[in-house]
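Examining the three-dimensional arrangement
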There are 4 protein chains.
Amino acid sequence: MNHNIDMSNINVRTDLAIEEIDASEKNKFIKESIYNNIKVSSVEVNDKNKDKFMKKIGTYITIEFTDATDYNNSKNVEEIFIKELKKILKTYKINDDNTCLVIGLGNDKSTPDSLGPLAINDIIVTNHYFELGINVEDGFRSVAAISPGTMGQTGIETFDIINAIVKEIKPDFVIVIDALKASSVDRVNKTIQITDAGINPGSGIGNNRKEISKEVLNIPVIAVGIPTVVDTITIVNDSINYMTSYFSYMKENIDNPKEKLKIIRTDIKKDNINIEDKQKLFGMIGSLSEDEIKKFISEVLVPIGYNMIVTPKDIDFIIKRLSCVISTGINNVLHKNVTNL
Amino acid sequence: MNHNIDMSNINVRTDLAIEEIDASEKNKFIKESIYNNIKVSSVEVNDKNKDKFMKKIGTYITIEFTDATDYNNSKNVEEIFIKELKKILKTYKINDDNTCLVIGLGNDKSTPDSLGPLAINDIIVTNHYFELGINVEDGFRSVAAISPGTMGQTGIETFDIINAIVKEIKPDFVIVIDALKASSVDRVNKTIQITDAGINPGSGIGNNRKEISKEVLNIPVIAVGIPTVVDTITIVNDSINYMTSYFSYMKENIDNPKEKLKIIRTDIKKDNINIEDKQKLFGMIGSLSEDEIKKFISEVLVPIGYNMIVTPKDIDFIIKRLSCVISTGINNVLHKNVTNL
Amino acid sequence: MNHNIDMSNINVRTDLAIEEIDASEKNKFIKESIYNNIKVSSVEVNDKNKDKFMKKIGTYITIEFTDATDYNNSKNVEEIFIKELKKILKTYKINDDNTCLVIGLGNDKSTPDSLGPLAINDIIVTNHYFELGINVEDGFRSVAAISPGTMGQTGIETFDIINAIVKEIKPDFVIVIDALKASSVDRVNKTIQITDAGINPGSGIGNNRKEISKEVLNIPVIAVGIPTVVDTITIVNDSINYMTSYFSYMKENIDNPKEKLKIIRTDIKKDNINIEDKQKLFGMIGSLSEDEIKKFISEVLVPIGYNMIVTPKDIDFIIKRLSCVISTGINNVLHKNVTNL
Amino acid sequence: MNHNIDMSNINVRTDLAIEEIDASEKNKFIKESIYNNIKVSSVEVNDKNKDKFMKKIGTYITIEFTDATDYNNSKNVEEIFIKELKKILKTYKINDDNTCLVIGLGNDKSTPDSLGPLAINDIIVTNHYFELGINVEDGFRSVAAISPGTMGQTGIETFDIINAIVKEIKPDFVIVIDALKASSVDRVNKTIQITDAGINPGSGIGNNRKEISKEVLNIPVIAVGIPTVVDTITIVNDSINYMTSYFSYMKENIDNPKEKLKIIRTDIKKDNINIEDKQKLFGMIGSLSEDEIKKFISEVLVPIGYNMIVTPKDIDFIIKRLSCVISTGINNVLHKNVTNL
């Protein structure tokens, strides 16, 4: 493979911290717990380990679930989301009187990018009542909410709009909602990430000065993200791993007729890949590391325009359910008196 | 009528300057011209006449047309809108290099209030290319566009959002688009008003400090408005006038059988009402002035919640066509190279 | 008034049976009951009284409420709707095994006309499972649902589409949902009518052969309608009555200073009008009967195009809530196992 | 590979006839021509070759283009679509008086599946004018249009709705519009297929009796389809071919420094794969045939739920443009007097 695959410097970015960790090191960095088949992982990125994660310093909480279009399941996810969001607010000593600005990033006209604007539609806003001296029931804090649109819609860098509004209305803290890109097919529409490390709207263009974060805005910034899209590079790499895992599994079980009946396909994971099997099944490609494979696919597909960023066919229905989980969750956390969990 | 109708101090506000002028004084204040059945009127409100108009000092241009859902007609309206908008920008010596922020007021989730947000969707934005140093074709100026939402959606006074963004991106001038309330059934969805006198978003609540105007923002502010709603008070008052006018007309023509065939109903106007006929037809009500009638209806209907603000049944189709006239017109005026009139 | 108001033969149609009854005769024909401020009225139109009602023979149930955008109130309305719909199905001996076709009339692209299509979106359909032999949980009957669109959208008479589908899938009974026109401003978006007398889609054009009814389709047809629009004629006529009633009320109370403080405006009703007061206040117009007034207004406004059909400004929000009441109600009635009232 | 990859009988269906042909045999079956970078191919499937294509007998015309969101390009595509649609209608001797029913399959609530319903919105319908005896301008034929929804929305098999309406209104011919699944990433949103071989709505479930075709409906049926989704199996298989092709290309050019500068990545095609290179690069996988690879991927991914069907991230914008090409094209072909190409 030596000379003919150029490991050029294409950055393979992912929006989820949890995706940056090698399976072998998982236990070292991640605290995991499971409730109702929903997995909650927590990673602390600090000065020591930040290079490993290629992520900013901060806490990254990941909630992984199966199918959010199932009503009962989505209610369980909501409950855990509320618990985890409360926890992270607590670390910033945010109390019931602190005012909040909720920001929904993304383009309401583009289904997979509309998570933020959709959730904002259902946030219970009260800031104007407080401002105008109108009496507000107990159990409701001052909350404002805005969907600033994308730079392509407004011609203005999204950060600039947010920064201007934060300076004007001076909230005590900010919650930002955004649709992310996954680096694993398993996580598309099946993961909520909560972090206090900030977020970079339209991260392709941005620079650090334009990031929505505590460092820049000088108030706590909690980002809530759900990966709704994935690129071809990821799909191909994941599929190679699934195929290898399946190959290993079948090799072991196929000649044992008794076992054949017991094959449970969902045992096939794409972690813990047997390198020899991968090499046997996929030749030169199989002998590359995951990162090398991704870079090679990227090198082939990006210049000819075939590294599509895609979203599942039924995204319209999923995004409605997910935005509802996020908005209901945030309403519950912000307003003590909201009880229609 | 003496004791039993209390002419209480209910303000009967209209959003259109042209509606504040008595028919008798029209020629004194209004310059009118007609092209392709489209009437353009221009009123200058100044220190001397401002009490008469109950309007702020400034120029008010009114474009009146019949049916904007007719494609050819809407194209004629577009052409005149472009001409008049150019004229008013010229008075502020705005040149091709001046940067513009276009603002669409209103709620995109409420059809009759969605004119602004709908028009913003189709504004050609370029400000980010200039900011990021990306080469922009000749004939395009720097334009940004934003739909700030309503206070009920965001919990923030709309003025505060706009003011913050204007301070941040420092445009040379502003164009604001909004849906208005008509004080005449004839004008609903059939009038465009262009003015340099500013606009008060959500005028029920606002105070002068919160108005979007040259005085407050320190840059020229051109407001473009279309009345899309009307209240019951106006509908009843207009109908009383139409009935009176019809009554007068019929009285004169009915006994002359030859004339009967020639009756052209559209001759029936609600201006130039014969007071005697009105009194005969409508008794005590007919003997009141228009303002008194409106105040009386208001006194009856407002407290019991029946002064509905309404919009025509087919508003969804009309608003799409009108927002297209406005956005195409603004694109043409802002960008010299946009030619798909 | 003699010669100059021609009581021409313009038909003043209303979609609600309850609106056709004189106040004086109400008790004779209408059974009323009230729960949680929601009034349920029931009228039986039969061979003897059908001329009085200008309605087809059948049962007309009317549920009148105040504000459907209030969540708790809408839930109360839902409960009563379910009870009344169950009752009317019972009279046709419809049992849990009978299959149903739910039809949503109207244009999904026109907000005030979208009640039917919006409700259809949320009907739980199961007919295909039964057809394909897929196992269906107990407590669900076979239900199909369709939004045939309007003749203006499809180029096909709506009846023809429905008739063809009924012949093809042969349901045991039909529920039709439609947005209606009110003949009283009080009822717009505040009334549900349930009837077994059938419905005429696009009633302006239709003839009896094209009506969706038991007589034509040979299966029970239950129509569920909500008036979402009202015309100017009705608004003016209702306002005249409100003004008269207010006038009478004030005359009696105004000279009694003690009483003045007690004036409860909501006591002002537009029924039981004092004819003398009406004549005094409204001159010749006041001396006409209600029907004559409506015909006169119609004569004046229709030819000049000012008898607008209008809908309240906030129709987008109301229609969503109302369609939800209807769909949840129908799901509950059709499927025994649906419990998320 | 022998024993451990079971080439089970999973059918790898594609909706496009052109995708079923081996590169080597292309010239034998396909007539190709190119205008303005738009490729038009025509395949005749007949009794002799139908097994090769796994397609029904009929003519399949494929229009391949690059980017439909470019306005000028989309106008060129429109022009060719009109030409080809006219040609196929001519073979059925359809004349200007023949009546047409246009059917838009798919779910208007699901963006990638909304091509049909979106196009139907813009079809000019006239059938009701002819039916009601209203005078219609010359140059317009009788056209009806319907979006029957999906079986999941209505609970009725889509074929049954269409069949019922065809029997009721008896059109002379039918045009059906549908979103398809591609078997090649290159074709997603970049191909229009026109065929007279009929179409199977919701082809997963259907049987031949339920297909919308000339054989079943007894009138000519022209189906217009655009692939808007693709599955993971296809993405992975295509990527393997792209990588192989890139590998071959680089091997030949990499050691020739002069050539390196000339590398034109778009020369890399996924047809004409060098089998030896594929085997070297992809090991056992590389030694399988395309069909075998697809079946293996399917075997791995389908049971664990990772054969996602996906659509590009920007589908909302693309589908609007494509539906406009289709509706404008059909309007032009059906109505001689429609000229706003």
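Within every chain, residues take consecutive numbers counted from 1 along the sequence as written. Each chain gets a letter, beginning with A, and each ligand a number, beginning with 1, in the order they are written. Local features are withheld for residues below a pLDDT of 70 in this predicted model, meaning they are given only at 70 or higher, and side-chain atom pairs are given and counted only at 80 or more; totals for whole chains, interfaces and linings count all residues. Hydrogens and water molecules were not included; the side-chain quantities draw on all heavy atoms of the structure.

A separate point is the overall build of chain A. Only DSSP runs of H or I with at least four residues qualify as helices, and only runs of E with at least two residues qualify as strands; both kinds are numbered from the N terminus onward. Each helix and strand counted, chain A has 13 helices and nine strands in total. Note on contacts: a residue pair qualifies if any of its non-hydrogen atoms lie within 4.5 Å across the two residues. Contacts in chain A between residues far apart in sequence, at least 24 positions, make up 74% of those at least 6 positions apart.

This part takes up the interface of chain B and chain C. If you look at the interface, chain B gives 48 residues, while chain C gives 48 residues. Area buried by chain B at its contact with chain C is led by Met243(B), Tyr306(B) and Lys313(B), which between them contribute 13% of it. Counted as salt bridges are all cases of a side-chain nitrogen of Lys or Arg within 4 Å of a carboxyl oxygen of Asp or Glu. Our enumeration of links across chain B and chain C arrives at zero salt bridges. A 3.5 Å cut-off defines polar contacts: any pair of N or O atoms within that distance qualifies, except that in protein one atom must be a possible hydrogen donor and the other a possible acceptor, and neighbouring residues in sequence count only when both atoms are side-chain atoms. There are 16 residue pairs in polar contact (both at pLDDT 80 or more) connecting chain B and chain C. Mapped by element, the contributors of at least two residues to the side of chain B that touches chain C are strand S8 (221–231), helix H9 (232–253), helix H11 (275–286), helix H12 (290–301), strand S9 (309–312) and helix H13 (315–334) of chain B. Here the side of chain B that touches chain C gets ten residues from one element, more than from any other, and that element is H9(B). Amino acids are sorted into nonpolar (Ala, Val, Leu, Ile, Met, Phe, Trp, Tyr, Cys and Pro), charged (Asp, Glu, Lys and Arg) and polar (every other residue, Gly among them). Residue composition of the side of chain B that touches chain C, grouped by class: 29 nonpolar, ten polar and nine charged. Relative to strand S9 (residues 309–312) of chain C, S9(B) runs antiparallel, the two sharing three bridges. Its bridge partner being in S9(C), Val310(B) is matched across the sheet by Pro312(C). Summed over both partners, buried area is the accessible surface (1.4 Å probe) that two parts give up on being assembled. When DSSP finds at least two bridges between two strands, those strands are taken to pair.

All names here are of chain B. Applying the stated rule across the entire model yields 52 salt bridges over all chains. The salt bridge partner of Lys210 is Glu157, with a shortest N-O separation of 3.8 Å. One end of the pair, Lys210, is in the loop between strand S7 (191–195) and helix H8 (214–217); the other, Glu157, is in the loop between helix H6 (151–154) and helix H7 (158–169), and 53 residues separate them in sequence. Here the term buried applies to any residue with accessible area under 20% of the maximum for its type, exposed to any over 50%, and partly exposed to those in between, with areas from a 1.4 Å probe on protein chains only. In this structure Lys210 comes out as buried when scored by relative accessible area, which is 8%.

Below, the discussion takes up the relation of the copies chain B and chain C. These two copies of the chain differ by a rotation about an axis and a displacement along the same axis. All copies are superposed by least squares; the fitting set is the C-alpha atoms of residues with a pLDDT of at least 70 in both. Mapping chain B onto chain C is achieved by rotating through 180° and translating by 0.0 Å along the same axis, at an RMSD of 0.0 Å. Overall, the copies show the geometry of a two-fold rotation axis. Looking at chain B, 100% of its interface residues are interface residues in chain C too, so the copies touch through the same face.

A few words now on the interface of chain D and chain C. Of the residues lining the interface, 27 residues belong to chain D; the matching set on chain C comes to 27 residues. Across the interface of chain D and chain C, roughly 2100 Å² is buried in total on both sides, 62% from carbon and sulfur atoms. Summed over the shared surface of chain D and chain C, the number is two salt bridges. The residue Lys167(D) makes a salt bridge to Glu168(C) at a minimum N-O spacing of 3.4 Å.

Superposing chain D onto chain C takes a rotation of 180° combined with a translation of 0.0 Å along the rotation axis, leaving an RMSD of 0.0 Å. Of all interface residues in chain D, 100% are interface residues in chain C too; the two copies therefore contact each other through one and the same surface.

We now examine the side chain of Thr150(C). Residue and element names in this part refer to chain C. Positionally, Thr150 belongs in the loop between strand S5 (143–146) and helix H6 (151–154). Residue classification places Thr150 among the buried positions, given a relative accessible area of 19%. Setting aside chain neighbours within four positions, we find Thr150 in contact with Gly106, Asn107, Asp113 and Thr158.

What follows is about the environment of Ile34(A). Residues and elements named next belong to chain A. Along the chain, Ile34 turns up in strand S1 (residues 30–35). The class for Ile34 is exposed, based on a relative accessible area of 58%. It is 15 Å that separates the C-alpha atoms of Ile34 and Lys190, two residues lying 156 residues apart in sequence.

Patches in this entry comprise residues that are over 30% relatively accessible and not in a salt bridge; like charges within 9 Å are linked, as are nonpolar side chains (Val, Leu, Ile, Met, Phe, Trp, Tyr) within 5 Å. Exposure was quantified through the Shrake-Rupley algorithm and a 1.4 Å probe, taking into account, for residues, occlusion by the shown protein chains and nothing else. There is a patch of nonpolar side chains on the surface, built from Tyr129(A), Phe130(A), Leu132(A) and Ile134(A) and spanning about 340 Å² of accessible area. Topologically, Tyr129(A) is positioned in helix H5 (residues 127–131).

Multiply 1.5 Å by the residue count of a helix minus one, and that product is the helix's expected span. The terminal C-alpha atoms of helix H9 (residues 232–253) of chain D lie 31 Å apart, and with 22 residues this matches the ideal 32 Å at 1.5 Å per residue to within 8%. Most of H9(D) sits out of view: 20 of its 22 residues are buried.

Our next topic: the packing of aromatic side chains. Between rings of Phe, Tyr and Trp, where Trp is taken as its six-membered ring, a pair exists when centres lie within 6.5 Å; planes separated by under 30 degrees are stacked, by over 60 edge-to-face, and by other angles tilted. In this structure the tally under the stated criterion is eight aromatic pairs over all chains. Ring centres of Tyr242(A) and Tyr306(D) lie 5.0 Å apart, and the angle between their planes is 25°; on these two criteria the pair is classed as stacked. With Tyr242(A) in helix H9 (residues 232–253) and Tyr306(D) in the loop between helix H12 (290–301) and strand S9 (309–312), this residue pair bridges two chains. For the pair Tyr242(A) and Tyr306(D), a shared accessibility class is recorded, and that class is buried.

Further remarks concern helix H13 (residues 315–334) of chain D. Here H13(D) is 20 residues long and its end C-alpha atoms lie 28 Å apart, about the 28 Å a rise of 1.5 Å per residue gives. Counting buried residues along H13(D), 17 of its 20 residues qualify, which places the element largely inside the surrounding structure.

So, about unusual backbone geometry. Within the chain, Asn37(A) stands out as a residue other than glycine whose phi angle is a positive 70°. Within the secondary structure, Asn37(A) sits in the loop between S1 and strand S2 (38–45). Here the phi dihedral of Asn189(B) falls at roughly 60°; this positive angle occurs in a residue that is not glycine. Note on placement: Asn189(B) falls in the loop between strand S6 (173–182) and S7.

Both strand S8 (residues 221–231) of chain C and S9(C) contribute to a ladder of two bridges, which runs antiparallel. In the strand pairing of S9(C), Val230(C) is matched with Val310(C).

Residue and element names in this part refer to chain D. Its location among the elements puts Val136 in the loop between helix H5 (127–131) and strand S5 (143–146). What makes Val136 buried here is its relative accessible area of 18%. C-alpha separation for the pair Val136 and Lys28, spaced 108 residues apart in sequence, amounts to 47 Å. Those residues within four positions of Val136 in sequence are excluded, and the remaining contacts are Tyr129 and Phe130.

Right, let's talk about the packing of helix H3 (residues 71–91) of chain C against helix H13 (residues 315–334) of chain C for a bit. Residues and elements named next belong to chain C. Only the stretch in contact is used when a helix axis is fitted, and all axes are lines through C-alpha atoms; the angle between N-to-C directions ranges over 0 to 180 degrees. At a closest axis distance of 9 Å, the pairing of H3 and H13 adopts a crossing angle of 40°. Between H3 and H13, the crossing angle belongs to the class labelled oblique. Our pair here, H3 against H13, has a crossing hand that is right-handed. Between H3, through Tyr71, Ser74, Lys75, Val77, Glu78, Phe81, Ile82, Leu85, Lys86 and Leu89, and H13, the contact on the second element is made entirely by Arg321, Cys324, Val325, Ile326, Thr328, Gly329, Ile330, Asn332 and Val333. An angle counts as roughly parallel when it lies under 35 degrees, as roughly antiparallel when it exceeds 145, as roughly perpendicular when it falls between 65 and 115, and as oblique in every other case. Crossing chirality is assigned from the near helix's rotation relative to the far helix, an anticlockwise turn below a right angle marking it left-handed and a clockwise turn marking it right-handed.

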